[in-house]
Amino acid sequence: GENVEQHPSTLSVQEGDSAVIKCTYSDSASNYFPWYKQELGKRPQLIIDIRSNVGEKKDQRIAVTLNKTAKHFSLHITETQPEDSAVYFCAASRRAAGNKLTFGGGTRVLVKP
Amino acid sequence: EAQVTQNPRYLITVTGKKLTVTCSQNMNHEYMSWYRQDPGLGLRQIYYSMNVEVTDKGDVPEGYKVSRKEKRNFPLILESPSPNQTSLYFCASSPLFVEPYEQYFGPGTRLTVT
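As the structure is a computational prediction, the values presented were derived from the model and not from experiment.

K.L.:
Just to check I follow, could you spell out the pairing of strand β5 (residues 45-51) of chain A for this structure?
P.N.:
All names here are of chain A. Bridge count for strand β4 (residues 32-38) against β5 is 6 bridges, and the pairing is antiparallel. Within β5, the position partnered with Trp35 by the bridge is Ile48. In textbook terms, the turn of a hairpin is the stretch between consecutive antiparallel strands, and for β4 and β5 this stretch comprises 6 residues, one of which, Gly41, has a positive phi near 75°.

Structure (structure tokens):
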């Protein structure tokens, strides 16, 4: 089955700096890669996703890049703000709909003011 | 308001005492799923359902049962809970035929088995 590894497990950045989280996956058939943000005590929420026919996707201060050959994808947060502090999860799936998501272990991001 | 609800939100129980965690969604989603969240392990899928009466195992199904008798409900059943099932549980739902296919998560159920 699919295995997703996520690094780092914790990340501390100064407000205004960039944060990068990296994930690798094992199943070459995976083609849908969502990222979820989970604030303390709350449910995970989708923040951005990418499909295998796209190499990069941006949404304001967040962007995701995908390298299918190397089987890794990354989340980039620019100009970090205190409200970006949360746990971020990457995931991989063979399809977007009815997706059996396999999650990475999570990255706890702390943005220091 | 479109939402996924779970009950109870918190539960402390003893080994072997059967329990059910309910999950309900009001978005007419075909797909529903249960995950457990443990530190350092992310979220792991327990069971999922593509439609009424259609369920399948996820990555960690041992010790759990589910049923999908109605489209909106997807209860998680622990017939004989054990301490290693102490975890934070999330139900999620998503559409199958209409984009976006985003999975919407419920608020979570924190289960402690002593």
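K.L.:
What exactly am I supposed to notice about the sheet that holds strand β1 (residues 4-7) of chain B here?
P.N.:
Sheet strands line up and pair through hydrogen bonds in the backbone, either parallel or antiparallel. Residue and element names in this part refer to chain B. Spatially, β1-β3-β8-β7 is the arrangement adopted by the 4 strands of the open sheet, whose pairing is antiparallel. If you trace the sheet from one side to the other, it starts and ends with β1 and β7 (65-66), each paired once. Two strands pair when backbone bridges link them, and β7 and strand β8 (residues 76-78) are joined in this way by 2 bridges, in the antiparallel orientation. Bridge pairing in β8 links Val66 to Leu76.

K.L.:
For this particular structure, what's the right way to read the pairing of strand β6 (residues 54-57) of chain B?
P.N.:
Residue and element names in this part refer to chain B. Across 4 bridges, strand β5 (residues 42-51) lies against β6 in antiparallel orientation. Across the sheet, Tyr47 pairs through a bridge with Lys57, a residue of β6. The hairpin formed by β5 and β6 contains 2 residues between the paired strands, and Glu53 there has a positive phi angle of roughly 65°.

About the thresholds
- Residues numbered from 1 in each chain as written.
- Chains lettered and ligands numbered in written order.
- Predicted model: local features only at pLDDT ≥ 70, side-chain atom pairs only at ≥ 80, totals over all residues.
- Heavy atoms only, no water.
- Pairing = 2+ DSSP bridges.
- Helix = DSSP H or I, 4+ residues; strand = E, 2+ residues; numbered from the N terminus.

These results come straight from atomic positions and should not be treated as a statement about function.
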